[in-house]
Amino acid sequence: MFAICLTVTAPAQCRRRSNGVMMIKANLSRRRFMQLAGGGLGACVYAPFSRMAWAQERLDPELIVFNAKVYTVDARYPRAEAFAVSQGRFVAVGSSADVRNLARRSTQLFDAQQMTIVPGFIDCHNHAPGETLLYEVLVGDPVEVKFVTIDSIIDKLRKKASETPAGTWVEGYFFDDTKVLDKRQLNVHDLDKVSMQHPVVVHHRGGHTGFYNSKALQLAGITPGTPNPAGGTFDHDDDGQLNGRVTDKAMDVFDKVGVRPSYPPAIQAQRSRAGMAHISQQFVRFGLTSVHHEGGDLMALQQIRASGELKHRVSYEADGAVLEAMIANGIETGIGDEWLRFGATSEHTVDGSFSERTMALSVPYSGRRDGYRGNVTESQAVLNDWVERVRRAGIQPNCHANGDVAIDMVLTAYERALKLIPAKDVRPKITHCTLINDDLLRRMKALDAVPAPFNSYAYYNSDKFHFYGEELMRHCMAYRSFLDAGIHVAAGSDFDPGPFSPLMAIQGMVTRKGWNNEIWGANQRVSVSEALQINTLNGAYNSHEETIKGSISAGKLADFVVLAEDPHTVNPDKIKDIKIYRTVTGGATAYQA
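Bear in mind the structure is a predicted one, so any value in this text is a computation, not a measurement.

1. Observations regarding the nonpolar core
Residues I430 and F482 are the most contacted members of the largest nonpolar core, which totals 78 residues. Setting aside residues up to four positions removed in sequence, I430 forms contacts with N398, C399, A401, I407, V410, L411, Y414, M444, A449, V450, P451 and A452. In terms of nonpolar packing, the next biggest core, distinct from the first, is built from 19 residues, A68, V93, A558 and F560 among them.

Listed below in structure tokens is the structure:
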């Protein structure tokens, strides 16, 4: 049961701070405070106890943080100096003197020494590939901008091939085609140097293209004359020969050929648990206290939660068998608890990738002589049926749409479903929602659709923006436009594709300057305060959880991050380098530097 928040103030017992927040006087006795609050007069620190919760243990905070620069992301009192935590929730927010007055003998006191404290960050789109990070060959850096050589990729995969039976797949992960020192594309000839006895693939970190060797193409029966399937391509070099690059739906054929490693159930379960525990540790290290998982091993999540290894909260976005089970058994969005609950569906893919230049555009790609406009991966009719089905099941729909063509299709499906199945406060998700226009914004606002554009791309992927040009980039990852239209825009790293550092994201959103010092779409800049809200409170709104998380507000879950510097005052080009001193989830330290 959530506590009832009492907000009535008593002028005789309170004084007003410059930020407009009414505070309890430090000389109020605890008995007098209880009497005033019990009479509905004195909850001036916005202490949200229910009328049945005025027990001593609720009034004795376990933790008080003071002497801090607190950015609450709560419009009622945006700044504070201190807060108190009891039973995993904020119970008081205000000045250091006033909140410290609530301390008892057992209360832990934390002097923040003027460090900055913000709500825990929320990532609204993350594939959480912990198992990949632990066990697979990583040919690129998952979290930083780092350049590699094609020879280094070949060497890593050769080593893997030497340990792998012939005919079994050799795979590399986290490849980024614009972060190669050779300044050229990886191709089939490079991967033939790895092995001619193994099918070899290097997965682009964007997830929509793969680079294959000749053995893989042969096993799949792909020749230079093989036609492209709907929603994908087998790419060719200038001589008409296969170059090894395969996009979107065309990659499906490779799922049916070659041998992939498999493990006994007990070993696989252990790998899944280890991967989940590992990624959870990485999330809190970067300040993430809530993450929307795109599918994944639900049992492993439950098991590491039971063992105490789950450090962040999970909105589980189901696909495949889990989604089918939800539909069949009447499991709706929102079922679960504060640590692990069913959220929207996993992203239902409608088009290709921004970073890999396959998203569906209304105009041809710049520099392409073939008039290529990207890949639409599903028909409108099929999309309509899918959205209707999940809405009838009471599940929040979530579609992957990058290009304006795909976003239009998704909005059409959402508009249709809401006419067929009228409901309030559905908040249909649009993952990525990269290229927008005024009409799309209008339709999104009318639906209260909740987009989660790439948050770290403005910094990490600026080297790809020239493929689109300044005119299109003025309408891509359009945080300013979303905010100005009154849309509850959130943020999603899409990790693997983008690094999940919220501070990298905030820097890019504020400056629109990339790692290479190029600035694209400066009209879409937002302020630090706006970027902070997008990565916290708006993220909570995205999953219908804004009443319990996303701000440092009395009554909400005590999820917060302690920063060594203030992103509002530091050099904007250094925001990503701010040290995270501590990450706290539910009042418990999940990470400390």
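2. Looking at helix α9 (residues 298-306)
By the burial criterion, the buried members of α9 are L298, A300, L301 and I304. Down the axis of α9, the sector holding all buried residues measures 160°, keeping them to one side. Buried-residue contacts for α9 involve α8 (265-285), β17 (288-294), β18 (313-318), α10 (320-329) and β19 (340-345). Measuring from the backbone nitrogen of M299 back to the side-chain oxygen at the start of α9 gives 3.1 Å, which picks out D297 as the cap. Trailing α9 by a residue or two, G308 shows a phi angle of about 85°, which is positive.

3. Topic: unusual backbone geometry
Excluding glycine, a negative phi dihedral is what most residues carry, and trans is how most peptide bonds are arranged. Along the chain, F495 connects to D496 via a cis peptide bond; the corresponding omega equals 25°. Inspection of the secondary structure assignment puts D496 in the loop between α16 (479-484) and α17 (502-511). At F174, a residue that is not glycine, the phi angle is positive and equals roughly 65°. Along the polypeptide, F174 turns up in strand β12 (residues 170-175). Under the relative-accessibility criterion, F174 is labelled buried at 2%. A positive phi is found at H432, a non-glycine position, where the angle reads about 80°. Among the structural elements, H432 can be located in strand β22 (residues 429-432).

4. A word on the sheet that holds strand β3 (residues 63-66)
Taken together, the 4 strands give an open sheet; going across it, the order is β7-β6-β3-β8, and neighbouring strands pair in mixed fashion. Because the sheet does not close on itself, it has two edges, and the strands there are β7 (89-94) and β8 (108-111). Within the sheet, the average angular offset between the axes of one strand and its neighbour, ignoring direction, is 15°. As judged from the 3 bridges shared by β3 and strand β6 (residues 82-86), these two strands associate in the antiparallel manner. The residue bridging V65 from the neighbouring strand is F83, located in β6.

5. Let's talk about the sheet that holds strand β23 (residues 450-452)
The strands making up a sheet associate through hydrogen bonds between their backbones, and the pairing can be parallel or antiparallel. Read from one edge to the other, the open sheet built from 4 strands follows the order β20-β21-β22-β23, with strand pairing classed as parallel. Both outer strands of the open sheet, β20 (348-349) and β23, are each paired with one neighbouring strand and no more. Pairing geometry for β22 and β23, over 3 bridges, is parallel. Within the sheet, the bridge partner assigned to K429 lies in β23 and is V450. Across the sheet, helix α11 (residues 380-392) lies against β20 and β21 (398-401), angled at about 150° from β21, the strand it touches most.

6. Side note on the environment of A161
Among the secondary structure elements, A161 is positioned in helix α5 (residues 150-162). Exposure remark for A161: the relative accessible area of 7% places this residue in the buried category. Note: C-alpha distance between A161 and Q197 (36 residues apart in sequence) is 8.9 Å. Setting aside anything within four residues of it in sequence, one finds A161 in contact with V170, V194, S195 and H198.

7. Details of the pattern of salt bridges
Inspection of every chain in the model, using the stated rule, returns 33 salt bridges. Across the pair R389 and E324 runs a salt bridge whose closest N-O atoms are separated by 2.7 Å. One end of the pair, R389, is in helix α11; the other, E324, is in helix α10, with 65 residues separating them in the sequence. Relative accessible area serves as the criterion here: at 37%, E324 is assigned to the partly exposed category. The shortest N-O distance in the salt bridge between D463 and K464 comes to 3.7 Å. As far as burial versus exposure is concerned, D463 and K464 are alike and both buried. Through salt bridges with shared partners, a single ionic network connects D176, K179, D463 and K464.

The rules behind each value
Residues numbered from 1 in each chain as written. Predicted model: local features only at pLDDT ≥ 70, side-chain atom pairs only at ≥ 80, totals over all residues. Heavy atoms only, no water. Core = buried A, V, L, I, M, F, W, Y, C linked by side-chain atoms within 4.5 Å. Buried < 20%, exposed > 50% of the residue type's maximum accessible area, 1.4 Å probe, protein only. Contact = heavy atoms within 4.5 Å. Helix = DSSP H or I, 4+ residues; strand = E, 2+ residues; numbered from the N terminus. Arc of directions from axis to C-beta. Polar contact = N/O pair within 3.5 Å; in protein donor to acceptor, adjacent residues only side chain to side chain. Pairing = 2+ DSSP bridges. Axes fitted to C-alpha atoms, helices over the stretch in contact; angles between N-to-C directions. Salt bridge = Lys/Arg side-chain N within 4 Å of Asp/Glu carboxyl O.

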